[in-house]
2 protein chains.
Amino acid sequence: MRLTTKGRYAVTAMLDLALHEGKGPISLADISERQGISLSYLEQLFAKLRRNELVRSVRGPGGGYQLNREPAGINVAEVIDAVNESVDATGCKHTGNCQGGEVCLTHHLWCDLSTQIHGFLSDITLASLVARRDVKDVAERQDRRQLNNMIVGSDTRPAEAGEAVV
Amino acid sequence: MRLTTKGRYAVTAMLDLALHEGKGPISLADISERQGISLSYLEQLFAKLRRNELVRSVRGPGGGYQLNREPAGINVAEVIDAVNESVDATGCKHTGNCQGGEVCLTHHLWCDLSTQIHGFLSDITLASLVARRDVKDVAERQDRRQLNNMIVGSDTRPAEAGEAVV
DNA sequence: GCAATACCCGACTAAATCAATCAACTATTA
DNA sequence: TAATAGTTGATTGATTTAGTCGGGTATTGC
């Protein structure tokens, strides 16, 4: 099992889409700026999200991405699955041939853990995240900063990873 | 967060010790044979388990490792921690500076997930695993096979990873 | 119709981690 | 004192991560 930036970025980007629903397509450049994720990397992730029919794309000027379903119908577990980060904690992918064709001593433990994690994450939808106080606060801060950057003018580069921001 | 063979092997090896408690020190060679884990790799893992005072070692002929506490007092979470596989799902190690000094959009979600997983794993002790039916079954099979290999004689190498076993 | 926008796609890469292997060394005990 | 068994450090091939780079192609406002 692994949960790295790949899965975290995917969920963050999907949540960004959910937060800006109803404002037409959202460009990856916007998400990149707001969330501080490399644009090229986002393109890779959205290719997978699109193949899994979690988002749909609109090409051309003014284009971008939109959720393909309502936020209440998309849960965190399937977003992570879509970018190939399995939530499976077993080493044998549930086949049970961990030790020369038979199950290993701890096989059932990892199965239980997988069930636990998957259950937890699939109960959380984008809609439920949007409703959370802490998410709202961070989103407002990000929108404010993005607006600020636009007014300041040419300095529209996204804030860098380690960079201190006002 | 990551859970790979490192953490799984560590838990498996500790459970093997718990299953053979009271039979004096258990050598890593024995564990290697029963569990199909490379001896050299076990040495690395047990160096960390010893530094974390989860096991104690006895040197010399007839030596090996023993649990440093009773099985009911050792939980799975601390074993995984001991081999440097954190159960933390955040990217910022709970510091909260995921995005230029501030928390990112999904920080609290990953905190919740971490709490969930840690809670689940720290409720499972070696003693509770030893008592499980499925663990007992696998352990018996492993002991039987090891005995068999000893009788057959010179062929005492551990069963290889992909090898089909009778 | 054409230039700008924005998605689409594939190849490539530096760094990190995994899962070991190898060799040498030290302590203990039969 | 020789065999056993734990201890430590260096090294390694394979894989994955977290991107970058460079070229496409579709669409639309002017």
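The rules we used
Throughout this description, residue numbers start from 1 for each chain and increase along the sequence as written. The naming scheme follows written order: chains are lettered A onward, ligands numbered 1 onward. The predicted origin of the model limits local features to residues at a pLDDT of at least 70 and limits the giving and counting of side-chain atom pairs to 80 or more, whereas totals for whole chains, interfaces and linings rest on all residues. Values shown for side chains rest on all heavy atoms present in the structure; no hydrogens or waters enter the calculation. The criterion used for residue contact is that any of the two residues' heavy atoms lie within 4.5 Å. As used here, buried area is the combined drop in accessible area, with a 1.4 Å probe, of two parts when they are placed together. By salt bridge we mean one thing: a side-chain nitrogen of Lys or Arg within 4 Å of a carboxyl oxygen of Asp or Glu. Counted as a polar contact is a pair of N or O atoms within 3.5 Å, where, for protein atoms, one must be capable of donating a hydrogen and the other of accepting one, and residues adjacent in sequence contribute only when both atoms are in side chains. Note on conventions: DSSP H or I runs of at least 4 residues are helices, E runs of at least 2 residues are strands, and numbering of each starts at the N terminus. Residue classes follow a fixed rule: Ala, Val, Leu, Ile, Met, Phe, Trp, Tyr, Cys and Pro count as nonpolar, while Asp, Glu, Lys and Arg count as charged, and any other residue, Gly among them, counts as polar. Each residue is placed in one exposure class: buried if its accessible area under a 1.4 Å probe, protein chains only, is under 20% of its type's maximum, exposed if it is over 50%, and partly exposed if it falls in between.

Going by what an unreviewed UniProt entry lists, chain A is known as Fe-S cluster assembly transcriptional regulator IscR and is assigned to Pontibacterium sinense.

Would you explain the interface of chain A and chain B in this entry?
Each side of the interface is counted separately: chain A has 47 residues, and chain B has 47 residues. Roughly 3900 Å² is buried in total at the junction of chain A and chain B, and carbon and sulfur atoms are behind 63% of that figure. Here chain A and chain B share four salt bridges between them. Across the pair Arg-132 of chain B and Asp-112 of chain A runs a salt bridge, and its minimum N-O distance is 3.4 Å. Taken together, the connections running from chain A to chain B amount to 18 residue pairs in polar contact (both at pLDDT 80 or more). For the side of chain A that touches chain B, the secondary structure elements donating two or more residues are helix H1 (5-19), helix H2 (28-35), helix H4 (76-82), helix H5 (107-122) and helix H7 (133-152) of chain A. The biggest single contributor to the side of chain A that touches chain B is H5 of chain A, with nine residues. When the residues that make up the side of chain A that touches chain B are grouped by side-chain class, the tally is 25 nonpolar, 11 polar and 11 charged.

Where do I start with the side chain of Asp-88 of chain A in this structure?
Residue and element names in this part refer to chain A. Tracing the backbone through its elements, the reader meets Asp-88 in the loop between H4 and H5. A distance of 3.2 Å separates the side chain of Asp-88 from the side chain of His-94, its partner in a polar contact. Looking at Asp-88, its side chain comes within polar contact range of the side chain of Ser-114, at 3.3 Å. Apart from residues no more than four positions distant in its own chain, Asp-88 is found in contact with Met-1, Lys-93, His-94 and Ser-114.

I'm lost on the pattern of salt bridges in this one. Help?
Residues and elements named next belong to chain B. By the definition in use, this model includes 12 salt bridges over all chains. With a closest N to O distance of 2.9 Å, Arg-34 and Asp-16 form a salt bridge. You can see Arg-34 sitting in helix H2 (residues 28-35) and its partner Asp-16 sitting in helix H1 (residues 5-19), a full 18 residues away along the chain. Looking at Asp-16, the relative accessible area reads 0%, which means it is buried. Ionic pairing is found between Asp-137 and Arg-133, a salt bridge with its closest N-O pair at 3.2 Å. With Asp-137 and Arg-133 both in helix H7 (residues 133-152), this residue pair falls four residues apart, about one helical turn.

Sorry if this is basic, but what is going on with the environment of Pro-71 of chain B here?
All names here are of chain B. Relative to the elements of secondary structure, Pro-71 occurs in the loop between strand E2 (64-67) and helix H4 (76-82). Residue classification places Pro-71 among the buried positions, given a relative accessible area of 15%. Counting along the chain gives 59 residues from Pro-71 to Thr-12, while the straight-line C-alpha distance between them is 13 Å. Sequence-distant contacts of Pro-71, that is, excluding residues within four places in its chain, are made with Ala-18, Glu-21, Thr-125, Leu-126 and Ala-127.

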